[in-house]
Amino acid sequence: MNKHHFKKRYGQNFLSDEKLLSAIAEDAQITKNDTVLEIGAGGGALTSQLAKRAKKVIAYEIDKELIAVLTQNLRGIDNIELIFNDFMMSDMTALEERLGENYIVAANLPYYISTPVVMRFVEEAKKIKSLTLTLQKEVGERLAAKEGTRDYGTVSVFLTALADVKITRYIDRSFFYPQPNVDSVVIKADFVGNKFAINDFDNFRKLVKSAFGMRRKTLVNNLMASYKVSREKAINWLQSFNITPTIRGEELSALQFALLSNNISLLNMP
Ligand code: SAM
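To keep things clear, this report deals only with the structure shown in the data block. Being a predicted model, the structure only gives us computed values, none of them experimental.

## A few points about the sheet that holds strand β3 (residues 56–60)
Okay, step 1: Strand order in the open sheet formed by seven strands is β4-β3-β2-β5-β6-β9-β7, with mixed pairing between adjacent strands. The open sheet terminates on both sides in strands that have one partner only, identified here as β4 (80–83) and β7 (163–171). Geometrically, the sheet is characterised by an average inter-axis angle of 15° between neighbouring strands, direction not taken into account.
Okay, step 2: Sheet topology places strand β2 (residues 35–39) next to strand β5 (residues 103–108); two bridges connect them, and they run parallel. Across the sheet, Leu 37 pairs through a bridge with Val 105, a residue of β5.
Okay, step 3: In this fold helix α1 (residues 18–27) packs onto β6 (128–136), β7 and β9 (184–191), with an angle of close to 170° to the strand it touches most, β7.

## Focus on helix α4 (residues 92–99)
Okay, step 1: For α4, every residue scored as buried is listed here: Met 92, Leu 95, Glu 96 and Leu 99. Buried residues in α4, looked at end-on, bunch into an arc of 100°, giving them a common side. Opposite the buried face of α4, at more than 90 degrees from it, the exposed residues are Thr 93 and Glu 97.
Okay, step 2: The inward-facing, buried residues of α4 contact β2, β3, β5, α5 (114–124) and β6.
Okay, step 3: Two to three positions downstream of the cap, the backbone nitrogen of Thr 93 sits 2.9 Å from a side-chain oxygen, assigning the N-cap of α4 to Asp 91.
Okay, step 4: Backbone geometry just after α4 places Gly 100 at a positive phi near 80°.

## What to know about the site of the ligand
Okay, step 1: Taken together, 21 residues lie near the ligand, and Leu 15, Gly 40, Glu 61, Asp 86 and Tyr 112 sit nearest.
Okay, step 2: One of the backbone N or O atoms of Leu 15 is found 2.8 Å from an oxygen atom in the ligand.
Okay, step 3: In the environment of the ligand, an oxygen atom lies 3.5 Å from a nitrogen or oxygen atom belonging to the backbone of Gly 42.
Okay, step 4: Surface burial for the ligand is 99%, taken as the share of its 600 Å² of free accessible area covered by protein chains.
Okay, step 5: The pocket occupied by the ligand, as judged from atoms lying within 2 Å of grid points, is the largest pocket.
Okay, step 6: Here the shell around the ligand is built from residues that sort into eleven nonpolar, seven polar and three charged.

How each quantity is defined
Residues numbered from 1 in each chain as written. Predicted model: local features only at pLDDT ≥ 70, side-chain atom pairs only at ≥ 80, totals over all residues. Heavy atoms only, no water. Pairing = 2+ DSSP bridges. Helix = DSSP H or I, 4+ residues; strand = E, 2+ residues; numbered from the N terminus. Axes fitted to C-alpha atoms, helices over the stretch in contact; angles between N-to-C directions. Contact = heavy atoms within 4.5 Å. Buried < 20%, exposed > 50% of the residue type's maximum accessible area, 1.4 Å probe, protein only. Arc of directions from axis to C-beta. Polar contact = N/O pair within 3.5 Å; in protein donor to acceptor, adjacent residues only side chain to side chain. Near = heavy atom within 4 Å. Areas by Shrake-Rupley, 256 points an atom, 1.4 Å probe, with all protein chains shown as cover. 1 Å grid on protein atoms, 1.4 Å probe; cavity = no way out; pocket = protein on both sides within 12 Å on 5 of 7 lines; lining within 4 Å. Sits in = over half its atoms within 2 Å of the grid points. Nonpolar A, V, L, I, M, F, W, Y, C, P; charged D, E, K, R; others polar.

Next comes the structure, spelled out in structure tokens:
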């Protein structure tokens with residue numbers, strides 16, 4: 001590892017504490033029947049902990065300079081497949097074909113793409129069982145945030161609509177090398193299907209984005225702008241759920257967004 005030149009642009013902050021790595025792998029609740037996808041293998045420290053517990057690990061790593069390091073560090077372990085490519089450029093359908101039903105994602109994510117990675121799974125994944133991710137504390141707290149809190153936003157709602165999300169641990173910045181200037185958390189998201197029976201995800205996304213578009217505006221004003229409807233109609237939509245017309249989008253729970261979205265798409269049908 002000494003010879004590796006750490007690249008900030010790839011978010012290379014590695015973990016080496018075996019106890020911590022083992023605890024993160026335990027958070028993912030992997031069994032010998034599970035296939036695990038890792039994003040950003042780095043020096044392979046988490047990869048080997050995952051491989052100990054899983055049937056198979058498929059790990060992406062963008063930095064080809066890590067080929068020699070990973071080959072050396074993971075030698076003798078025969079259930080790891082390394083892919084030296086940008087995960088964001090991967091074809092999700094083809095990848096899921098190879099991962100099979102109910103695969104697990106576990107990763108210490110590079111900070112610069114942590115939200116886009118989560119959004120990829122929310123928008124594109126069809127066969128995922130769970131995500132266990134080490135992320136910058138602020139990002140993790142946003143993902144797990146509840147309505148009415150400062151951190152609550154579009155990603156919180158999108159993820160909560162499909163998964164049960166919790167923070168499993170806090171990690172001090174001193175555990176990483178090189179040390180970043182932020183602390184981290186591990187979040188676990190268990191995908192439980194379309195739990196709120198959303199009938200039109202495009203409309204759900206449009207509604208949630210519109211509600212947080214102008215955060216300081218009331219939901220009614222945001223609805224009028226994005227759906228091009230009268231104030232009266234927007235108020236009507238909310239009142240059919242006993243939602244007060246002066247509410248701001250950030251006060252609505254994911255379930256309320258789902259119900260409202262279903263109602264809007266029903267009422268907006270030609
Ligand atoms: N898993 C290692 C650990 O826990 O020590 C490394 C984690 S480090 C925070 C993130 C890793 O992701 C780096 O090795 C980086 O090169 C890699 N990476 C960054 N962007 C990537 C991408 N788009 N696709 C795949 N790997 C990426």
